[in-house]
Every structure is written in structure tokens, then in C-alpha cells.
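The chain contents come next:
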Amino acid sequence: MERQSFESVWDALEESSGEAANMSMRSSLLIAIEQQVRGWNVTQAEAARRLGVTQPRLNDLLRGRITNFSLDTLINLAGQAGLTVRLDIARAA
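Residues numbered from 1 in each chain as written. Predicted model: local features only at pLDDT ≥ 70, side-chain atom pairs only at ≥ 80, totals over all residues. Heavy atoms only, no water.

An unreviewed UniProt entry lists the protein chain under the name XRE family transcriptional regulator, with Mesorhizobium alhagi CCNWXJ12-2 as the source organism.

Re the pattern of salt bridges
Here is the rule we go by: For this analysis, a salt bridge means a side-chain nitrogen from Lys or Arg found within 4 Å of a carboxyl oxygen belonging to Asp or Glu. Elements are defined by DSSP. Helices are runs of H or I of four residues or more, strands are runs of E of two residues or more, and each kind is numbered from the N terminus.
Across all of its chains, the model carries 4 salt bridges by this definition. Among the salt bridges present, the one from Arg49 reaches Glu46, with a minimum N-O distance of 2.6 Å. In this pair, Arg49 and Glu46 both sit in helix H3 (residues 44-51), 3 residues apart, roughly one turn of the helix. As a salt-bridge pair, Glu46 and Arg50 come within 3.2 Å of each other at their nearest N and O atoms. Of this pair, Glu46 and Arg50 both sit in helix H3, separated by 4 residues, roughly a single helical turn. A cluster of three or more residues bridged by salt bridges with shared partners is formed by Glu46, Arg49 and Arg50.

Details of the nonpolar core
What counts here: As used here, the term nonpolar core means buried Ala, Val, Leu, Ile, Met, Phe, Trp, Tyr and Cys residues forming a set that is joined through side-chain atoms within 4.5 Å. Per-residue accessibility, obtained with a 1.4 Å probe over protein chains only, is compared with the maximum for each type, and a residue is labelled buried under 20%, exposed over 50%, and partly exposed between these values.
Core analysis: the biggest nonpolar cluster contains 19 residues, and Ile33, Val37, Leu51, Leu58, Leu61, Leu74 and Leu77 have the highest contact counts within it. In terms of residue count, helix H2 (residues 17-39) provides more of this core than any other element does, 5 residues in total.

Regarding the UniProt feature "domain: HTH cro/C1-type" (unreviewed entry) in the protein chain
To be explicit about the condition: UniProt positions are given in the numbering used here, feature names are shortened, and annotations may be inferred rather than shown by experiment.
Here, UniProt's "domain: HTH cro/C1-type" (unreviewed entry) annotation points to residues 41-78. The straight-line gap between the two end C-alpha atoms of residues 41-78 is 17 Å; of that span, 63% is helix and 0% is strand.

Focus on the environment of Arg49
Threshold: Under the rule applied, a polar contact is a pair of N or O atoms within 3.5 Å (in protein, one hydrogen donor and one hydrogen acceptor; residues adjacent in sequence only if both atoms are side-chain atoms).
For Arg49, a relative accessible area of 56% gives the class exposed. Looking at Arg49, its side chain comes within polar contact range of the side chain of Glu46, at 2.6 Å.

Structural notes on the side chain of Arg26
Stated precisely, the cut-off is as follows: Contacts are assigned to residue pairs with any non-hydrogen atoms lying within 4.5 Å of each other.
Tracing the sequence through the fold places Arg26 in helix H2. One polar contact links the side chain of Arg26 to the main-chain carbonyl oxygen of Phe69, over a distance of 3.0 Å. Non-local contacts of Arg26, meaning those with residues more than four positions away in its chain, are made with Ile66, Thr67, Phe69, Ser70, Leu71 and Leu74.

Some words on the packing of H2 against helix H4 (residues 55-62)
For the record, the criterion: Angles run from 0 to 180 degrees between N-to-C directions of axes, and those axes are lines fitted to C-alpha atoms, restricted for helices to the stretch in contact. Side-chain classes follow a simple rule in which Ala, Val, Leu, Ile, Met, Phe, Trp, Tyr, Cys and Pro form the nonpolar group, Asp, Glu, Lys and Arg form the charged group, and the remainder, Gly included, forms the polar group.
One can describe the packing of H2 onto H4 by two numbers: an axis separation of 9 Å at closest approach and a directional angle of 115°. Contacts between H2 and H4 pair Leu30, Ile33, Glu34, Val37 and Arg38 from the former with Leu58, Leu61 and Leu62 from the latter. Here the contact of H2 with H4 is composed, by residue class, of 6 nonpolar, no polar and 2 charged.

Side note on the environment of Leu71
Examined against the element boundaries, Leu71 turns out to sit in helix H5 (residues 71-80). Here the alpha-carbon distance between Leu71 and Leu30, two residues 41 residues apart in the chain, equals 9.4 Å. In this view, Leu71 contacts Asn22, Met25, Arg26 and Leu29; residues no more than four positions away in its chain are not counted.

Structure below.
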């Protein structure tokens, strides 16, 4: 069996490079939002109110259920959390 090497876990799991890039961005955003929310040291009800989501939706975010969130949704949540999102575009190697 031939050994394969990938730049990220998403490159290994997703069918296309576009899907891998989308998942990579989503996972980075989800982690950043989760860390920001945990840093608030407030109840889940208060954190959900700050983000403008329901408590079950916040719970999905805190548990890392990435498939429940689109890239657009995560960008909006990052803004609600007081984070700035920037996009870095570079030519492929």
C-alpha cells in the first residue's frame, strides 16, 4: 500500500481542493469563536444571547459540530463574538 501525505486533514477527507479549503476555513473559524466564547466566562444562555443564537445552537458550536455551520454563518458569528475575519489569497504552489 502506497503512503500518501496531505497538507491538512481536510485534504485527506474531502473530495476536492475547494471542499477541503472550505472545511479548513470553517474549522479555523469554529475554533476561534469557541475559544472567544469560553473566554467570556459566562453562562451558555448569556453567550447565546451575545451571539444572537439559541442555546442548543451554541451547544453545537461548543461541541465542534462543524457540519451544522456554513462558512457564512461562522463569519457572522465571528463578528457577533467581536472577532475580525480576514481572507488570505495566494497562488497555488
